[in-house]
Amino acid sequence: MIAAGPVPGEEFFSALAQPGIRRLRAYDPGHDLVALRREFAIRHLVELGSNENPYGPSARAREAVLGGLHALHRYPDPLGGDLRRALAKHHGVDVAGIVLGTGSHELLMQFAQVFAGPGLDVVASQYGFAVYAIAAQAAGANLRLATAFPREHAMARGHDLDAVLAAITPTTRLLYLANPNNPTGTWFAADAFAAFMANVPRDVVVVVDEAYAELVDATDFGSALQTLPRYPNLVVTRTFSKAYALAGMRIGYAIAHPGLIAVMERVRESFNVNHLALAAAEAALGDHEHLRWVLQRNREELARLATAFTARGCFVYPSQTNFLLVEFGARTQAVEAALLADGIVLRPMAGYGLADCLRITVGERGENTRLLEALDRAMS
Ligand SMILES: *Cc1c(COP(=O)(O)O)cnc(C)c1O
């Protein structure tokens, strides 16, 4: 396995780095899955640690990738024109208001590169996605975390938009929200968000990360895309990694006012999205039937797992995603270790200040059955 933790010589070069990078710790991607796959090659590793889609992408996306193999020696379309036009039509927005990224992760980092910096504040919520803090620190900005709802609230540890609003200062230029949020799975309602936006100063760029939006069923949820036309300082990010099952292709996008997108374009690496990813994403976007099928399967299995964990005495956070945050209390570490030894990978949450929880991706039916059987062995 590639070692985690400090590397010899790191301290010396850290001292040479710009101040924001000195304090920064790299994103923790969880276990070394390549090493684990080798170890569990015979029994088949059950990978429920990264919120990937177990069903895989549309067959049309696979065909599009094969169709692109003849052109590996060519640079991809630097404008991503075909995909951006398809997305513009899909969402009913201006094509000039869309920027593509090597995953939405890249774009989340670039928003901080563009709008944050030393002497400026970035606002996010406690228990929000880890990338926002990394982006703010890498840009040398000061991160202000709003206290999340308490665990006992209906939106257990979800974003408290009033607290987020109160965290904004005169030097705040950038604010990140995730809806639904990772790792809690919680969401905020469309009307609460509309009230929130009405109170955000116009010189604060609000990034709403909707990585799981396609998976949501809750009727009070509404995409921030509906609010976009009223607020030029609002940005929505989406990804092909989750509902569209293209995590390995690395492609996501942001939608905002064309003026804001034009400034983002200044720092975008010209060929950031490769042509296989462009073709796969466009094909996946067009396959509504496959998406519907995935959403239906996820819905059933999410409910099944939530019921099963609750029946075993665990607190399950409300989720509108393809994962569940589950409390195992004092047994958390032991449960995680026992399941890993059984070839089932979950995501420990100590890094998020949730050491008594595990984040569990909803797998396909057979994987979930294996998970529950292993859990019963671990907990008995
Ligand atoms: C998975 C995830 C992303 C998507 O990242 P990509 O770089 O597009 O794969 C973004 N935000 C959140 C909250 C996520 O959980």
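Please refer to the structure placed before this passage.
Summary of the structure given here. (Residues numbered from 1 in each chain as written. Predicted model: local features only at pLDDT ≥ 70, side-chain atom pairs only at ≥ 80, totals over all residues. Heavy atoms only, no water.)

## Regarding helix α5 (residues 81–91)
Since there are 3.6 residues in each turn of an α-helix, residues three or four apart along the chain are aligned in direction.
Next up, step 1: Turning to α5, its buried residues number three or more, namely Gly 81, Leu 83, Arg 84, Leu 87, Ala 88 and His 91. All buried residues of α5 fall inside an arc of 165 degrees around its axis, so they share one side. Pointing more than 90 degrees away from the buried face of α5 are the exposed residues Arg 85 and Lys 89.
Next up, step 2: Downstream of α5 by a residue or two, Gly 92 has a phi angle that is positive, lying close to 65 degrees. (Buried < 20%, exposed > 50% of the residue type's maximum accessible area, 1.4 Å probe, protein only. Helix = DSSP H or I, 4+ residues; strand = E, 2+ residues; numbered from the N terminus. Arc of directions from axis to C-beta.)

## A word on the side chain of Asn 322
Next up, step 1: Tracing the chain through its elements places Asn 322 in the loop between β9 (315–316) and β10 (323–327).
Next up, step 2: Overall, the relative accessible area of 4% leaves Asn 322 in the buried class.
Next up, step 3: Every residue in contact with Asn 322, bar those within four places of it in the chain, is listed here: Asn 51, Glu 52, Tyr 212, Leu 215, Asn 298, Ile 360, Thr 361 and Val 362. (Contact = heavy atoms within 4.5 Å.)

## A look at the sheet that holds β9
Sheets are built from strands paired through backbone hydrogen bonds, the pairs being either parallel or antiparallel.
Next up, step 1: As summarised here, the arrangement of the four strands in space is β9-β10-β13-β12, forming an open sheet in which the pairing is antiparallel. Each edge of the sheet is formed by a strand with only one pairing partner; in this case those strands are β9 and β12 (347–348).
Next up, step 2: One ladder, built from five bridges, connects β10 with strand β13 (residues 357–361); its direction is antiparallel. Pairing of Leu 325 across the sheet is with Arg 359, part of β13. (Pairing = 2+ DSSP bridges.)

## With respect to the site of the ligand
Next up, step 1: For the ligand, the full set of nearby residues is Gly 103, Ser 104, His 105, Phe 129, Asn 182, Asp 209, Ala 211, Tyr 212, Thr 239, Ser 241, Lys 242 and Arg 250.
Next up, step 2: Separating an oxygen atom of the ligand from a side-chain N or O atom of Thr 239 is a distance of 2.6 Å.
Next up, step 3: Contact between the ligand and Ser 241: an oxygen atom at 2.6 Å from a side-chain N or O atom of the residue.
Next up, step 4: Protein contact buries 92% of the 390 Å² of open area that the ligand shows by itself. (Near = heavy atom within 4 Å. Polar contact = N/O pair within 3.5 Å; in protein donor to acceptor, adjacent residues only side chain to side chain. Areas by Shrake-Rupley, 256 points an atom, 1.4 Å probe, with all protein chains shown as cover.)

## Quick look at the pattern of salt bridges
Next up, step 1: The final tally for this structure, using the stated rule, is 16 salt bridges.
Next up, step 2: Across the pair Asp 82 and Arg 85 runs a salt bridge, and its minimum N-O distance is 3.0 Å. Here Arg 85 and Asp 82 lie together in helix α5, a separation of three residues that amounts to about one turn.
Next up, step 3: For Asp 82, a relative accessible area of 47% gives the class partly exposed.
Next up, step 4: Taking the relative accessible area as the measure of exposure, Arg 85 reaches 52% and is therefore exposed.
Next up, step 5: Put simply, Glu 265 and Arg 268 hold a salt bridge, and the shortest N to O gap is 3.0 Å. (Salt bridge = Lys/Arg side-chain N within 4 Å of Asp/Glu carboxyl O.)

## Structural notes on the environment of Ala 306
Next up, step 1: Tracing the sequence through the fold places Ala 306 in helix α12 (residues 288–311).
Next up, step 2: Remark: the alpha-carbon pair of Ala 306 and Phe 323, spanning 17 residues in sequence, is separated by 9.7 Å.
Next up, step 3: Beyond its immediate stretch of four places on either side in the chain, Ala 306 contacts Val 316 and Leu 324.

## Brief notes about the packing of aromatic side chains
Next up, step 1: Under the criterion given, the structure shown has 13 aromatic pairs.
Next up, step 2: Taking 5.6 Å as the distance between ring centres and 25 degrees as the angle between the ring planes, the aromatic pair formed by Phe 188 and Phe 193 counts as stacked.
Next up, step 3: Note on Phe 193: relative accessible area 3%, which makes it buried.
Next up, step 4: Taking the centre distance of 5.1 Å and the plane angle of 50 degrees together, the rings of Phe 240 and Tyr 244 count as tilted. Each member of the pair, Phe 240 as well as Tyr 244, is classed as buried.
Next up, step 5: Through successive ring pairs, a cluster of aromatic residues spans Tyr 27, Phe 129, Tyr 132 and Tyr 176.
Next up, step 6: When the ring centre of Phe 315 is taken as origin, the NZ or CZ atom of Arg 151, which lies over that ring, is 3.9 Å away.
Next up, step 7: When the ring centre of Phe 323 is taken as origin, the NZ or CZ atom of Arg 359, which lies over that ring, is 5.8 Å away. (Phe/Tyr/Trp six-rings, centres within 6.5 Å; stacked < 30°, edge-to-face > 60°. Lys NZ or Arg CZ within 6 Å of the ring centre and 35° of its normal.)

## Side note on the sheet that holds strand β4 (residues 142–146)
Next up, step 1: Spatial ordering of the open sheet is given by β2-β8-β7-β6-β5-β3-β4, a layout of seven strands whose pairing is mixed. Edge positions in the sheet fall to β2 (98–101) and β4, since each of these pairs with one other strand and no more. Strand-to-strand twist across the sheet, computed as the mean angle between neighbouring axes with direction ignored, equals 20 degrees.
Next up, step 2: Of the strands in this sheet, β3 (121–125), β4, β5 (172–178) and β6 (205–209) are in contact with helix α7 (residues 130–138), which crosses β5 at around 160 degrees.
Next up, step 3: The strands touched by helix α10 (residues 258–265) within the sheet are β2, β6, β7 (234–239) and β8 (252–255), with β2 carrying the most contacts at an inclination of about 35 degrees. (Axes fitted to C-alpha atoms, helices over the stretch in contact; angles between N-to-C directions.)

## Let's talk about the packing of helix α13 (residues 332–341) against helix α14 (residues 365–379)
Next up, step 1: Running from N to C, α13 and α14 point in directions that differ by 125 degrees, and their axes come no closer than 9 Å. One way to sum up the angle between α13 and α14 is to call them oblique. For the pair α13 and α14, the crossing hand works out as right-handed. Every residue of α14 that contacts α13 at Val 335, Ala 338 and Leu 339 is listed here: Leu 371, Ala 374, Leu 375, Ala 378 and Met 379.
Next up, step 2: The residue makeup of the contact of α13 with α14, split by class, is eight nonpolar, no polar and no charged. (Parallel < 35°, antiparallel > 145°, perpendicular 65-115°, else oblique. Left-handed = near helix turned anticlockwise from the far one by under 90°. Nonpolar A, V, L, I, M, F, W, Y, C, P; charged D, E, K, R; others polar.)

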